[in-house]
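Summary of the model geometry
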Amino acid sequence: MLEDSQQTEPDHSQDDLFDSGEPEVQPQDDNDGTENQNGCDCKCCKQNYGMLKRILEELTKLKEQVNFKEIPVPTFNVDGSAVEKPFLAYLRKMFSTELFVRETDDELKRKILQYRRTYDVKQDSDLVLKSCFSFAYRKFVDFRNQVKIKLLSETGEDPGEMDLPRLARHLFGRFKPDLGRDTILLTAHLRCFAHERKLLRKIPAEQKGSLGCRFFKEFKDYENRYNSNQEPQKDLTLKDREEKRIMKKLDDLDTQRERYCDHMTLNFEYI
């Protein structure tokens, strides 16, 4: 009984002293439900992440409200510019000795850059070069078509019967009045090519060739084969051959005229 009387209940007096009876308040997450993407659970990182997310959302809304305009791409057009007239004059002279524009033509590049400096073109050099080469390609297509029409013409004086200097003036006179040796040689190439392809006038219809738009493509191949020939006298040989062919043709024409005149005279005597 004594032992029972000495057993006491647990003393909760001190616990009651600090117990206010109110539920315990849990710490709140400061990032408003956002998760920290870097895996750190500290309060500071959560706050920073939440702040950055709100800033990003505000910037996105601001970007949608502002009318952003694209920065214009710089351009240069030869047509109508101060460069057009002198550059076109240069291309005309160039065409009298070279029928095709070459991207590797350093002399042409230097000339274009010279025009850029002379006429104070503000655009970048590469842009000016690109635009001028495009202009040159387009003009040379037109120039070549003019030459082709004259060479293969079925009316007027026959290009197949002209001597080389005269034919050169006929084909290239409007591009460069003072024609030199290189233009004469180019003229010989053109007529020789047209003769080999049976494209000139007075060739029987059943034998006459037709290249159409392939004329200058095939002529360019012809030129490349000719230039690859290492024979030192090839230019002189070509000119002599063309001149002899024309002389023979003219002699044949003279013979035909004489026969015609004799025939007419003979017929007149019998009238």
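All figures in this text were calculated on a predicted structure; none of them were measured in a lab.

Remarks on the overall build of the chain
The secondary structure content of the chain amounts to 10 helices and 0 strands. Counting helices and strands in the order they occur from the N terminus, the chain gives α-α-α-α-α-α-α-α-α-α. Out of the 271 residues belonging to the chain, those deemed buried represent 28%. Taking the intrachain contacts of the chain between residues at least 6 apart in sequence as the baseline, contacts between residues at least 24 apart amount to 65%. Surface accessibility of the chain: about 19900 Å² in total, with carbon and sulfur atoms responsible for 52%.

What to know about unusual backbone geometry
In the Ramachandran plot, Asp120 falls in the positive-phi region, its phi being about 50 degrees despite a non-glycine side chain. Within the element layout of this structure, Asp120 appears in the loop between helix H5 (106–118) and helix H6 (125–151). Judged by its relative accessible area of 48%, Asp120 is partly exposed. Look at Lys198: it is not a glycine, yet its phi comes out positive at around 55 degrees.

Describing the pattern of salt bridges
For the structure shown, the criterion picks out 11 salt bridges. Across the pair Arg197 and Glu218 runs a salt bridge whose closest N-O atoms are separated by 3.5 Å. Of this pair, Arg197 sits in the loop between helix H8 (181–196) and helix H9 (215–228) while Glu218 sits in helix H9, and the two are 21 residues apart along the sequence. Look at the salt bridges and you will find they share partners, linking Glu196, Arg197, Arg214 and Glu218 into a network.

Topic: the packing of aromatic side chains
Evaluation of the coordinates by the stated rule reveals 17 aromatic pairs. Ring centres 5.8 Å apart and planes at 35 degrees place the aromatic pair Phe87 and Phe135 in the tilted group. Linking Phe87 in helix H4 (residues 84–95) with Phe135 in helix H6, this pair joins segments that are 48 residues apart in sequence. Ring pairing ties together the aromatic residues Phe100, Phe193, Phe215, Phe216, Phe219 and Tyr222, which thus form one cluster. If you follow Lys220 out to its NZ or CZ, it ends over the ring of Phe100, 5.0 Å from the centre.

What about helix H7 (residues 164–172)?
Counting along an α-helix, one turn takes 3.6 residues, and residues three or four places apart therefore face a common direction. The set of residues buried in H7 consists of Leu164, Leu167, Ala168, Leu171 and Phe172. The buried residues of H7 all sit within an arc of 105 degrees when viewed along its axis, so they share a single face. Where H7 begins, one side-chain oxygen reaches toward the backbone nitrogen of Arg166, 2.8 Å away; that side chain belongs to Asp163.

Quick word on the nonpolar core
Ranked by internal contacts, the top residues of the largest apolar core, which has 50 residues, are Phe87, Leu91, Leu99, Leu108, Phe172, Leu190 and Phe219. Sorting the residues of this core by element identifies H4, H5, H6, H7, H8 and H9 as the ones contributing at least two each. Ranked by the residues each element gives to this core, the list is headed by H6, at 10 residues.

Topic: the packing of H4 against H5
Running from amino to carboxyl end, H4 crosses H5 at an angle of 160 degrees, the nearest separation of the two axes being 11 Å. Viewed along their axes, H4 and H5 adopt a mutual orientation that is roughly antiparallel. Every pair of crossing elements has a handedness; the one defined by H4 and H5 is right-handed. In this structure, H4 uses Pro86, Phe87, Tyr90, Leu91 and Met94 to contact H5, whose residues at the interface are Glu107, Leu108, Lys111, Ile112 and Tyr115. A class-by-class count of the residues in the contact of H4 with H5 yields 8 nonpolar, no polar and 2 charged.

Comments concerning the packing of H4 against H6
Packing of H4 against H6 leaves a shortest axis separation of 10 Å and a crossing angle of 50 degrees. The angle between H4 and H6 falls in the class oblique. Viewed along their axes, H4 and H6 form a crossing whose handedness is right-handed. Contacts between H4 and H6 involve Glu84, Phe87, Leu88, Leu91, Arg92, Met94 and Phe95 on the former and, on the latter, Cys132, Phe135, Ala136, Lys139, Phe140, Phe143, Arg144 and Val147. Looking at the contact of H4 with H6, its residues break down into 11 nonpolar, no polar and 4 charged.

Thresholds, definitions, all that
Counting restarts for each chain, with residues numbered from 1 along the sequence as it is written. Two thresholds apply to this predicted model, a pLDDT of at least 70 for residue-level local features and 80 or more for giving and counting side-chain atom pairs, whereas whole-chain, interface and lining totals are computed over all residues. For the side-chain quantities, the full set of heavy atoms in the structure was used; hydrogens and water were omitted. Helix numbering and strand numbering both begin at the N terminus, where a helix is a DSSP run of H or I of at least 4 residues and a strand a DSSP run of E of at least 2. Note on classification: 1.4 Å probe, protein chains only; a residue is buried when its accessible area is under 20% of the maximum for its type, exposed when over 50%, partly exposed between these limits. Only heavy atoms matter for contacts: two residues are in contact if any of them lie within 4.5 Å across the pair. In short, Shrake-Rupley with a 1.4 Å probe defines the accessible areas, and a residue's cover is counted only from the protein chains shown. One side-chain nitrogen of Lys or Arg within 4 Å of one carboxyl oxygen of Asp or Glu is enough to make a salt bridge. Within 6.5 Å between ring centres, the rings of Phe, Tyr and Trp (the latter by its six-membered ring) count as paired, and their orientation is classed by plane angle as stacked under 30 degrees, edge-to-face over 60, tilted in between. Over a ring means this: the NZ of a Lys or the CZ of an Arg is within 6 Å of the ring centre and within 35 degrees of the ring normal. Think of it as the arc spanned by the lines of direction from the helix axis to the C-beta atoms. N or O atoms within 3.5 Å of each other form a polar contact, as long as, within protein, one can give a hydrogen and the other can take it, and as long as residues adjacent in sequence are counted only when both atoms are side-chain atoms. In plain words, nonpolar cores are sets of buried Ala, Val, Leu, Ile, Met, Phe, Trp, Tyr and Cys residues tied together by side-chain atoms within 4.5 Å. Axis lines are fitted to C-alpha atoms, over the contacting stretch for helices. Their N-to-C directions set the angle, which ranges from 0 to 180 degrees. Between 65 and 115 degrees an angle is taken as roughly perpendicular, under 35 as roughly parallel, over 145 as roughly antiparallel, and anywhere else as oblique. Left-handed describes a crossing whose near helix is turned anticlockwise from the far helix by less than a right angle; the clockwise case is right-handed. Gly is placed with the polar residues, together with every amino acid not listed as nonpolar (Ala, Val, Leu, Ile, Met, Phe, Trp, Tyr, Cys and Pro) or charged (Asp, Glu, Lys and Arg).

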